[in-house]
Amino acid sequence: MHSLSSSSAASLSSAPRHHPPSVPLPTLRFCGLRPEAIFPRPLRLSSSSCPARRSARRLPSTVLVSASADNGSPSKFDYDLVIIGAGVGGHGAALHAVEKGLKTAIIEGDVVGGTCVNRGCVPSKALLAVSGRMRELQSDHHLKSLGLQVAAAGYDRQGVADHANNLASKIRNNLTNSMKALGVDILTGVGTILGPQKVKYGKDNIITAKNIIIGTGSVPFVPKGIEVDGKTVITSDHALKLEFVPDWIAIVGSGYIGLEFSDVYTALGSEVTFVEALDQLMPGFDPEIGKLAQRILINPRNIDYHTGVFASKITPARDGKPVMIELIDAKTKEPKDTLEVDAALIATGRAPFTNGLGLENINVVTQRGFVPVDERMRVIDADGKLVPHVYCIGDANGKMMLAHAASAQGISVVEQVTGKDHILNHLSIPAACFTHPEISMVGLTEPQAKEKADKEGFTISVAKTSFKANTKALAENEGEGLAKMIYRPDNGEILGVHIFGLHAADLIHEASNAIALGTKIQDIKFAVHAHPTLSEVLDELFKSAKVNSPVSSPGASRDNPTAGMARKPHENHAPRQEKGGERGSSSSDSARSSQFQSILMSLSEFYALILGCLYRTLMLAKASLDNLFKRSIR
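Only a predicted model underlies this, so the values are computations on that prediction, with no experimental measurement involved.

(A) Examining the overall build of the protein chain more closely. Secondary structure assignment for the protein chain yields 17 helices and 25 strands. Split into buried and exposed, the 634 residues of the protein chain put 47% on the buried side. As presented, the protein chain carries roughly 31600 Å² of accessible surface, and 54% of it is formed by carbon and sulfur atoms.

Dropping the structure here:
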């Protein structure tokens, strides 16, 4: 494990900095974006209202730092931090850097927002919102069960496409404006590392930086033998434009991207055929969740599939002929079948976009295109040594190809360059597939947890709860779903949580935060959840787990082991008994002292309220008497 570099503390600009008061924003995130990307009002006073800051910005933008001249490193820097790539990861890093007082620039060779905002999670959620509404309107059984009657549902393809495009444009503009308002310099052009702490952007613009973050993201991966024409053979980049809705489309790959697009296309009336190289659909999901999801998301819908096969060759439609897909056995490579479809979507994953970065100038060799990094996102060169002051985040390093993971990595890097060691726990980062219903997960799958347990010598247990037992889900007539938790019964550690059901993508965060904070089951089971809400699915999941360790929650005691635990109106649980000896007298005294202090504070607040009321009553009486006195004089 490498220690934090000694030069991680960034120096401030030689020019005096004036920081106007900040304006609070809602603590909202959208697909890993900071709130400023959604609410683009400036966090600080404008330069027009702060002359001192305006004049400071006009001074030469050079950061004075002490740096050795080794390896051609400059002794003065234009910026504390330069970020190559203005996607969600770069945006998160830039905003956190500004909060830490760093002079920051971000370089973008395409458009601000990267894949997520322009060609990924943002426009795809717009399409999925439409598919969700269509499914509700098309489900006669569901509507009748709620007592609703709706005429036949239809859609306007161009209107749907415009909704996705407008959303992406709005978020992109908001994100750009938010960085400008915070003083982040947005530099346009392709960024290239020229050497230690030196970057070129555009044709011949050269700047220096104390620290550099690479966050160039990824592009759709297209296997050999597949010809993409952008019309009938497309990637997710093209599909999000929704230029047409084919009658029959083949989707190559059944991961997150393929599943979400199958949800969209089938809702809009297309027939879908999956082509999956592995022996089962949805190979990246927990097997039990994947099996249930297949029963609900695939089997009842207009979807068929081929597993254990490669699409060895795909030819676009031309000259009146349909799209031709040649399938071969994934193991023997023998020909299996040929499909003729109207369109084919290539959803075989994504590849890092790291060409042209100038990595050879700092002796870095990519691995399958990914930039090698350590657990602190520090770049590793061809000799296995750390490259000073250079970090890589997001899809470009391949650790976890999710927008919010990139943002979290960027924030972690900024913590390090400002002098605070920080290691991101990737097992605490949640993921979601926004189908209808949704799938979400965090941590290990059951097979992964079993493998870890066998290696490290502990046992695992599995707890499950069903959405069919949840009042809110039943009220929505959406009882199909399952929540599953893999944990250690010896100490209550949560190893993984997987949810399939209504709003699963929103529910997963309680589990992911518990893993991130190291909260044990025996503690979180005392948390109170509003009734009736979907959050009670997680509540029951935690409470159903059997942990051997004693309760350690401060809200519970031996006299009242159920303190702090929510009870529903229909529940009638018997008091739970704990094993083991009595708690120590010191802990009991501490608890009593804490309770006594709470009582005193409550009494103080009560008496203060009473005195305040009396005071206001007396003042009103005095005013009334004064008026009477004035009238009597008249």
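(B) Geometry of the packing of helix α5 (residues 121-138) against helix α9 (residues 256-267). Following both chains from N to C, one finds α5 and α9 inclined at 45°, their axes separated by 9 Å at the closest point. Here α5 lies oblique to α9, going by the angle between them. The two elements α5 and α9 meet at a crossing, and its hand is left-handed. Here Ser124, Lys125, Leu127, Leu128, Ser131, Met134, Arg135 and Gln138 of α5 lie close against α9, whose contacting residues are Glu260, Phe261, Ser262, Asp263, Val264, Thr266 and Ala267. Of the residues that constitute the contact of α5 with α9, the class distribution is 6 nonpolar, 5 polar and 4 charged.

(C) Examining the state of the cysteines more closely. Tallied over the entire structure, the rule returns 1 disulfide. Two residues, Cys116 and Cys121, share a disulfide whose sulfurs are 2.0 Å apart. Handedness of the Cys116-Cys121 disulfide follows from its S-S torsion of about -135°: it is left-handed. On the accessibility criterion, Cys116 (8% relative accessible area) is buried.

(D) How the structure looks around the sheet that holds strand β12 (residues 271-276). Pairing within the open sheet is parallel, and its 5 strands lie in the order β10-β17-β11-β12-β13. Strands with a single pairing partner mark the edges of an open sheet, and in this sheet they are β10 (233-235) and β13 (303-307). On average, each strand axis in the sheet is tilted by 20° relative to the strand beside it, whichever way the strands run. Relative to β12, α9 is tilted by about 165°, and along the sheet it contacts β10, β11 (248-252), β12, β13 and β17 (343-346).

Thresholds applied
- Residues numbered from 1 in each chain as written.
- Predicted model: local features only at pLDDT ≥ 70, side-chain atom pairs only at ≥ 80, totals over all residues.
- Heavy atoms only, no water.
- Helix = DSSP H or I, 4+ residues; strand = E, 2+ residues; numbered from the N terminus.
- Buried < 20%, exposed > 50% of the residue type's maximum accessible area, 1.4 Å probe, protein only.
- Areas by Shrake-Rupley, 256 points an atom, 1.4 Å probe, with all protein chains shown as cover.
- Axes fitted to C-alpha atoms, helices over the stretch in contact; angles between N-to-C directions.
- Parallel < 35°, antiparallel > 145°, perpendicular 65-115°, else oblique.
- Left-handed = near helix turned anticlockwise from the far one by under 90°.
- Contact = heavy atoms within 4.5 Å.
- Nonpolar A, V, L, I, M, F, W, Y, C, P; charged D, E, K, R; others polar.
- Disulfide = S-S within 2.5 Å.
- Pairing = 2+ DSSP bridges.

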